[in-house]
Structure formats: structure tokens, C-alpha cells
Amino acid sequence: MNLQDYQGVFVFVQQVDHKITGVSYELLGKGKELAADLGTEVTAVLLGYQVEDLCPKLARYGADKIILVDNEALEPYTTEPYAHAMYNVIEKYKPAVVLYGATAIGRDLAPRVSARVHTGLTADCTKLEIDPDTKNLKMTRPAFGGNIMATILCPEHRPQMATVRPGVMQKIKPIDGAEASVEKYDLAFEKNNKYVEVLNVVKKVSDKIDIQDAKILVSGGRGMGCPENFKLLRDLADVLGGEVSASRACVDAGWAEKDVQVGQTGKTVRPNLYIACGISGAIQHLAGMEDSDVIVAINKDENAPIFEVADYGIVGDVTKILPIFTEKLKEELALRNA
Ligand SMILES: Cc1cc2nc3c(=O)[nH]c(=O)nc-3n(C[C@H](O)[C@H](O)[C@H](O)COP(=O)(O)OP(=O)(O)OC[C@H]3O[C@@H](n4cnc5c(N)ncnc54)[C@H](O)[C@@H]3O)c2cc1C
């Protein structure tokens, strides 16, 4: 394999029902940085059926080029036609790097493709960077249940492939009027290449907001004392227009649902405001929230590590402070809106 033949950073664009999944924008943002370090461009690979109208969005979020494979076989997502399409795109365009979101679809697709092109794949990465000397991609991911961070290289095979955890990378501010060249790649699909037939798609209806989309998070830890005290968090979140999240200790104790867990084995969040209530600030928790714009910590232990990352700290009993905090904010907001 001649490594020099492989150039460019490619991002697999996940779309479901003609809607681009958020992580794809995040990957374009990261892809742009990596491409700059490699002196190359970032290309979005858009697969689907009648999805051409999504191209302008990809350009606004940083795609320099778009490769579009538009075919009936690609609606809805199934493993075989998508793996076939990605394999052919890679064989034809020879990218140096291919990124996928570590979603259910990305995690299903990427290993199929990597086995087919005989290259390396790192799953669920939380950090990606280019080695300045070798220009190899350094792919870092939590391993052994999050107990070590492993940095993995794929020096002798191309493309270097990674699935990337949603919420960790930053999308760029959309550029109005940005354009990307669109190359349509017409691929042949065999009629019987669908080993999987989708009979029905069942959508779970949920009125909950994903904590990764919340601008304000009021987060509870073991220091809340009992599940009933989570009401105090909800009250504050309601006044601020935010959502409630939790540490793993609370999820393990059954005080909160797994889908609101913040941290290395939960979700990575980057809200404008993160209020940590009775959370010690273990490294595995910090990994999921330390990039929040403003962090407020309430903890009775002044030596709690959470204060090291907090912009504002209150030392005291959270169950006493929260009701006062919520009441004061309510008054303040009422005054402002009067
Ligand atoms: C492989 C691995 C992965 C992990 N992944 C995650 C993860 O994704 N997310 C996560 O959160 N954790 C994770 N953990 C667990 C992590 O190490 C901590 O155990 C956990 O974050 C602790 O949660 P906590 O801060 O709520 O509880 P504690 O560490 O018990 O802290 C409670 C805090 O509340 C304070 N407190 C107690 N009472 C009050 C009161 N009345 N008023 C004010 N403050 C009070 C205490 O001073 C203390 O600081 C992981 C651990 C491992 C080993």
C-alpha cells in the first residue's frame, strides 16, 4: 500500500428520514481542523435516497466537497448497501482519514467497512489529533470501562478510521453562503444485497429533551441525599429553562435515568451553564462536563475536586441552598420581566 495515494479527510454523514444527525456536523468541524493540519480538505460522504437537498447544509457546516451516492437501496439504513457504498467510495477516492459518529448506525457500519478495506478502526474516540511529525492520526478513546485513555495509531494502512463519540467535537458556526462542490457517484447495487429487510420502524416517543442539547443543566450527585431531593433540581431547572442531569452515583442508585448521566460512561455535555449540586467532581464525571462555558458548584466539602473546575462555588448544604437559590432567581426574574 502506498500511503501517499491516500489523501483527504472524509466524514460519513448520517441522515435518518432526510434529517442529518447532529454528530455529523460535529465531525465536519473536527474534520476541518484535521484537514488543516494535513494541508488537505474535508469531504462529506452523503448516502441516501433523494437526499441531494441536504448538500447546502453540509457546505454551511464546513464541507469543502461532498460525495453523494443517491440510490433507492440506501433508504432506510441497512448495513449491507451502506457498507457497499462506503467501500466503493473509499476504493475510488482514497481518503487518508474517514470519520463516523459513534451512533448505533456508525458503530454498525464502520467495522463492516474497515474489514472490507482491510484497515484499522478505533471505536468511540473522544480525541483526535494529527501527529505533527508523522502526520498520522492519533485516535484517543477511553478503554477498559474508562479506566485508561488509549491513544491508537494506524500507521501502515489507509484510510485511518474512527467512530467518534457524539457531543465531544465542536461543530463550526454555520457559514452562510458557503458552497461545496458536489460529486455524484453513481454506484450499482445488486437487488439481493439486502440481507436485512426492514419491516417496520418503531419510534419511541419521548417528551424529554436530550441533555446534550440543553443550554443549562442542573446536575445532581450523591450529595443530594435521596431521590426525592431531585425535585429541588427540577425546580431550579424550570426557573432557568434548563434540564436536570446526574452523576453516575445517582444513576447507579436508581435516583436518575441512565440517559441523563454525565461523564465518561455517560454523555458529554457542553452547556452555557452547568450547576453541579452535591457532585464531588471525580475525573470520570469531569470528563463529561469540564468544557461547559460556566460551571457553578454547590458542595459541603470545600476540598471537593469539583471546585477546581468551577467558575463559582458555594460551600454548604445543597438541600438548604437550592430552595433559596431557586426562590431568589424567581424573584430576580419576576423583577426583570415586570
Ligand atoms: C470506569 C468508570 C467510569 C465512570 N463513569 C462515570 C460517569 O460517566 N459519570 C460519573 O458521574 N461518574 C462516573 N464514574 C464514577 C466516578 O468515579 C464517581 O464515583 C462519581 O462521579 C461520584 O458521583 P458523585 O459525585 O455524585 O458522588 P460522590 O463522589 O459520593 O460525591 C458526593 C459529593 O456530595 C457532597 N455532599 C454530600 N452531602 C452534601 C450536602 N448535603 N450538600 C452539599 N454537598 C454534599 C460530598 O461532599 C461529595 O463531594 C465512573 C467510574 C469508573 C470507575
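In case you missed it, the structure is sitting above this.
Here is a short report on the structure shown in this document. Please read all numbers here as calculations on a predicted model, not as lab measurements.

**Here we look at unusual backbone geometry**
Part 1 of the argument: Cis geometry is adopted by the peptide bond preceding Pro76, which originates at Glu75 and carries an omega value of -5°.
Part 2 of the argument: Mapping Pro76 onto the fold places it in the loop between strand 5 (65-70) and helix 3 (79-93).
Part 3 of the argument: A cis amide bond links Arg158 to the next residue, Pro159, at an omega of -5°.
Part 4 of the argument: Among the secondary structure elements, Pro159 is positioned in the loop between strand 10 (148-152) and strand 11 (160-164).
Part 5 of the argument: For His18, which is not glycine, the phi dihedral falls at a positive 65°.
Part 6 of the argument: Mapped onto the elements of the fold, His18 is located in the loop between strand 2 (15-16) and strand 3 (19-20).
Part 7 of the argument: The phi angle at His118 is positive, at roughly 55°, despite the residue not being glycine.
Part 8 of the argument: Here His118 shows up in the loop between helix 4 (104-117) and strand 7 (121-125).
Part 9 of the argument: Here His118 falls in the exposed class, since its relative accessible area comes to 62%.

**Focus: the packing of helix 5 (residues 230-240) against helix 9 (residues 318-337)**
Part 1 of the argument: Relative orientation of the contacting elements helix 5 and helix 9 amounts to 20°, with a least axis distance of 9 Å. If you check the angle between helix 5 and helix 9, you find them roughly parallel. As helix 5 runs across helix 9, the sense of the crossing is left-handed. Contacts between helix 5 and helix 9 involve Leu232, Leu233, Asp235, Leu236, Val239 and Leu240 from the former and Thr319, Leu322, Pro323, Phe325, Thr326, Leu329, Lys330 and Leu333 from the latter.
Part 2 of the argument: Split into classes, the residues belonging to the contact of helix 5 with helix 9 amount to 10 nonpolar, two polar and two charged.

**A look at the side chain of Thr122**
Part 1 of the argument: Tracing the sequence through the fold places Thr122 in strand 7.
Part 2 of the argument: According to the relative accessible area criterion, Thr122 is buried, its value standing at 3%.
Part 3 of the argument: Apart from the residues within four sequence positions on either side, Thr122 is in contact with Met139, Arg141, Ile152, Met161, Ala162 and Thr163.

**Quick notes on the pattern of salt bridges**
Part 1 of the argument: Counted according to the given criterion, the structure contains 18 salt bridges.
Part 2 of the argument: Two residues, Asp124 and Arg165, come together in a salt bridge whose shortest N-O distance is 3.2 Å. You can see Asp124 sitting in strand 7 and its partner Arg165 sitting in the loop between strand 11 and strand 12 (181-184), a full 41 residues away along the chain. Across this residue pair, the class does not change: Asp124 and Arg165 are buried.
Part 3 of the argument: Residues participating in the shared-partner salt-bridge network are Arg107, Asp124 and Arg165.

**Points about helix 4**
Part 1 of the argument: Compared with an ideal rise of 1.5 Å per residue, which puts 14 residues at 20 Å, helix 4 spans 21 Å between its outermost C-alpha atoms and is within 8% of the ideal.
Part 2 of the argument: Of all the positions in helix 4, only Ile105, Gly106, Leu109, Ala110, Val113, Ser114 and Val117 are classed as buried. Down the axis of helix 4, the buried side of the element spans an arc of 130°, and every buried residue falls inside it.
Part 3 of the argument: In this structure, the buried side of helix 4 is in contact with strand 1 (9-13), strand 2, helix 3, strand 6 (97-101), strand 7 and strand 11.
Part 4 of the argument: Directly beyond the C-terminal end of helix 4, a positive phi value near 55° is found at His118.

What counts and what doesn't
Residues numbered from 1 in each chain as written. Predicted model: local features only at pLDDT ≥ 70, side-chain atom pairs only at ≥ 80, totals over all residues. Heavy atoms only, no water. Helix = DSSP H or I, 4+ residues; strand = E, 2+ residues; numbered from the N terminus. Buried < 20%, exposed > 50% of the residue type's maximum accessible area, 1.4 Å probe, protein only. Axes fitted to C-alpha atoms, helices over the stretch in contact; angles between N-to-C directions. Parallel < 35°, antiparallel > 145°, perpendicular 65-115°, else oblique. Left-handed = near helix turned anticlockwise from the far one by under 90°. Contact = heavy atoms within 4.5 Å. Nonpolar A, V, L, I, M, F, W, Y, C, P; charged D, E, K, R; others polar. Salt bridge = Lys/Arg side-chain N within 4 Å of Asp/Glu carboxyl O. Expected span 1.5 Å × (residues − 1). Arc of directions from axis to C-beta.

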